[in-house]
Amino acid sequence: MRPFNPQFILDVIPNLLPFLWVTLSVVLGTVFFGSLLGFVLARAKLSQKPLYCWLADGYIYIIRCTPSIVLLFIVFYGLPKFCLEVFDMDINGYEKIFFVLVTFTLLFAAPISEVMRSAYEAIDHGQYEAAVSIGLTPWQAFYHIILPQATVVALPNFGNSVIELMKEGSLAYTIGLVDLIGKGQLIISQNYGAYALETYLPLAFIYLLLTLGVEKSFLRLEHAFSRQKKAA
Amino acid sequence: MLKITNVHKKYNDNEVLKGVDINVAKGDVVVILGPSGSGKTTLLRCINFLDHADQGEMEFDEYHLQMHSATADEVRKIRQKTAFVFQNYNLFQNKTVLENVTAGLIIGRNIEKNEAVDLALKALAKVGLSDRVNFYPSQLSGGQQQRVGIARAIAVQPDVILFDEPTSALDPELISEVLGIIKQLAEEGTTMIIVTHEMKFAADVATHVIFMADGNIVEEGRPKDIFQSPKEERTRNFLRRVLPQVEYNI
Ligand SMILES: Nc1ncnc2c1ncn2[C@@H]1O[C@H](COP(=O)(O)OP(=O)(O)O)[C@@H](O)[C@H]1O
Ligand SMILES: [Mg+2]
């Protein structure tokens, strides 16, 4: 067997790092679009109308039962077909990252809607009533009174979901996206499977740093948002 | 000024309000008495549209509306003319005392910040909390929190303030500081509808007393008449149960 080659690790890192931004774009894009969809789902789940609750519940359930990689392939192969048949729109040539973003947005929205819903429900409804009773509109009451407090409650779970997402995101290479992992795969195959360990180790290290970074950022956010609580 | 007629409200099969009428003129202090579960809270909440009545008519100055079919716009207009003081204060936990009071002005009424702060500071001075403006609700005693609740309500200069048992959640030694403020408001001619179990206070401030039971108004009239010579058996029973306690307290 070929001996372990530490020098290769040092050589491979500069080749991987340029693709860090692809990985980060997937994460940030998914957090953005997934949160929007998650918000809509949470809103539906909290709705008085049984149909909306039911639809949101159904969606969340289906997503929970679907392995990420399966959804990724369904979107990658299915979405172009769907768009062609239904909208007569050819999206086959779209960038890979588009399909990755669609997939992970669909995935991320489900747990994040639960995080949002439970954070919303953690804030005493009486504060909302007090706000509308002195003349705020329902939206103002939500935006100025409930949302800031629910955000504090949601942040730790939101952070965990982002870390989960980042790790799930490493599946994107399977449809050919060249992100950190994708580039790693390319390097390994260029070397005919040699140096796999020397490639995966720095990848693990980069993901470790990313996770630490996300954790730290969320701790900071929590700190900033809950300053008023600490004053108590 | 405010007249509501034939208010009905059901929770599932439980008929909580069975056709209640109330008429409030400017400067009135209407006190609503009644045993627990008689629908007093629900009535106040329906007036402010925190609950939606199944039936009922409301005339409020120039507005005239059906309570079950009020539009969001009508609801907003009525709420701009009223304020609510809650049993458990419901202060905004993420806002300081001052911000609690300015919210209804700055956010709800688009009043400019400087002016809103002026109005809020006046309201807070009235409830004796000028030295607590930068505190958060969690740093205050129950009595102080309820006084912030009152300041928040008076700052928006509503036509009517609705009080739902404003002292029920307070330790006995804190009750009088809150009742004192409400009494002062009454003396200044503030129009109020107050649900309370404090009988002596009720007799003191009320211009009109309503006794409710089981979703109906059983009896109403001047405080003197209701407290000293109630006509209905149910009113007499209720007062007999609650009045001796008051005498012990004094
Ligand atoms: N949100 C609700 N859902 C179901 N029942 C309710 C609700 N609010 C109040 N009730 C019922 O309505 C009745 C009157 O309640 P309430 O208006 O709070 O009375 P009071 O304030 O006079 O004690 C009670 O029987 C109570 O159980
Ligand atoms: Mg009550």
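Residues numbered from 1 in each chain as written. Chains lettered and ligands numbered in written order. Predicted model: local features only at pLDDT ≥ 70, side-chain atom pairs only at ≥ 80, totals over all residues. Heavy atoms only, no water.

Quick look at the overall build of chain B
We apply this condition: Elements are defined by DSSP. Helices are runs of H or I of four residues or more, strands are runs of E of two residues or more, and each kind is numbered from the N terminus. Each residue is placed in one exposure class: buried if its accessible area under a 1.4 Å probe, protein chains only, is under 20% of its type's maximum, exposed if it is over 50%, and partly exposed if it falls in between. Working rule for contacts: check all heavy atoms of both residues, and any pair within 4.5 Å makes them a contact. All accessible areas in this document rest on Shrake-Rupley with a 1.4 Å probe, and a residue is counted as covered only by the protein chains that are shown. We treat Lys and Arg as the positive residues and Asp and Glu as the negative residues; His and chain ends play no part in the count. Positions of charges follow a simple convention, taking NZ of Lys, CZ of Arg, CG of Asp or CD of Glu.
Along its length, chain B carries 9 helices and 10 strands. Overall, chain B is about 55 × 45 × 35 Å in size when its C-alpha atoms are taken along their principal axes. The proportion of buried residues among the 250 residues of chain B is 55%. Long-range contacts, defined here as pairs at least 24 residues apart, represent 62% of the contacts in chain B between residues at least 6 apart. Element-wise, carbon and sulfur atoms account for 44% of the exposed surface of chain B, whose accessible area totals about 11,000 Å². Placing the 28 positive and 34 negative side-chain charges of chain B at their respective mean positions leaves the two points 1 Å apart.

Considering the packing of aromatic side chains
Here is the rule: The aromatic pairing rule takes the rings of Phe, Tyr and Trp, using the six-membered ring of Trp, and pairs them if the centres are within 6.5 Å, calling planes under 30 degrees apart stacked, those over 60 edge-to-face and the rest tilted. Charge-over-ring placement is defined geometrically: NZ (Lys) or CZ (Arg) within 6 Å of the ring centre, and within 35 degrees of the ring normal.
Per the stated rule, a full pass over the model turns up 16 aromatic pairs over all chains. Summarising the aromatic geometry, the rings of A:Trp139 and A:Tyr143 are spaced 6.0 Å apart at their centres and angled 25° between planes, so their arrangement reads as stacked. Here A:Trp139 pairs with A:Tyr143, and both are found in helix α7 (residues 138-168), just 4 residues apart, close to one helical turn. Residue classification places A:Trp139 among the exposed positions, given a relative accessible area of 53%. You can call A:Tyr143 partly exposed: its relative accessible area is 44%. Through pairs of rings, three or more aromatic residues link up here, namely A:Phe73, A:Phe76, A:Tyr77, A:Tyr94, A:Phe98 and A:Phe99. Sitting over the face of the ring of B:Phe135, B:Arg132 holds its NZ or CZ atom 4.9 Å from the ring centroid. A cation over a ring is seen here: B:Arg152 above B:Phe92, with NZ or CZ 4.7 Å from the ring centre.

Describing the packing of helix α1 (residues 6-16) of chain A against helix α9 (residues 196-225) of chain A
Residue and element names in this part refer to chain A. Convention followed: Between N-to-C directions, angles cover 0 to 180 degrees, with each direction set by a line fitted to C-alpha atoms, over the stretch in contact for helices. Working definition: roughly parallel below 35 degrees, roughly antiparallel above 145 degrees, roughly perpendicular at 65 to 115 degrees, and oblique for all remaining angles. We call a crossing left-handed when the near helix sits turned anticlockwise from the far one by less than a right angle, and right-handed when that turn is clockwise. Residues are sorted three ways: Asp, Glu, Lys and Arg are charged, Ala, Val, Leu, Ile, Met, Phe, Trp, Tyr, Cys and Pro are nonpolar, and all the rest, Gly among them, are polar.
Where α1 meets α9, the axes come as close as 9 Å, and the angle between the chain directions of the two elements is 60°. With respect to α9, the element α1 is oriented oblique. Between α1 and α9 lies a crossing of right-handed hand. Contacts between α1 and α9 pair Phe8, Ile9, Val12, Ile13 and Leu16 from the former with Glu198, Thr199, Leu201, Pro202, Leu203 and Ile206 from the latter. Its residues assigned to classes, the contact of α1 with α9 comprises 9 nonpolar, 1 polar and 1 charged.

Considerations on the confidence of the model for chain B
Going by this rule: For every residue, the predictor states its confidence as a pLDDT score lying anywhere from 0 to 100.
Looking at chain B as a whole, the pLDDT averages 93, with 97% of positions reaching at least 70. Interface confidence for the predicted complex, expressed as ipTM, amounts to 0.91; the pTM equals 0.86.

Some details on unusual backbone geometry
Phi at A:Tyr195 takes a positive value of approximately 60°, unusual for a residue other than glycine. The residue A:Tyr195 is located in the loop between α8 (180-190) and α9 in this model. Although it is not a glycine, B:Asn110 sits at a positive phi angle of roughly 55°. Inspection of the secondary structure assignment puts B:Asn110 in the loop between α3 (97-109) and α4 (113-126).

Some remarks on a nonpolar patch on the surface
Residue and element names in this part refer to chain A. Selection rule: Here, patches come from residues exposed beyond 30% relative accessible area and free of salt bridges, joined within 9 Å for like charges and within 5 Å for nonpolar side chains (Val, Leu, Ile, Met, Phe, Trp, Tyr). Any carboxyl oxygen of Asp or Glu that lies within 4 Å of a side-chain nitrogen of Lys or Arg is treated as forming a salt bridge with it.
A cluster of nonpolar residues, Phe82, Val86, Phe87, Met89 and Tyr94, forms a patch on the protein surface that exposes about 500 Å² of accessible area. Here Val86 shows up in helix α4 (residues 68-87). Classification of Val86 by relative accessible area gives partly exposed; the value is 48%.

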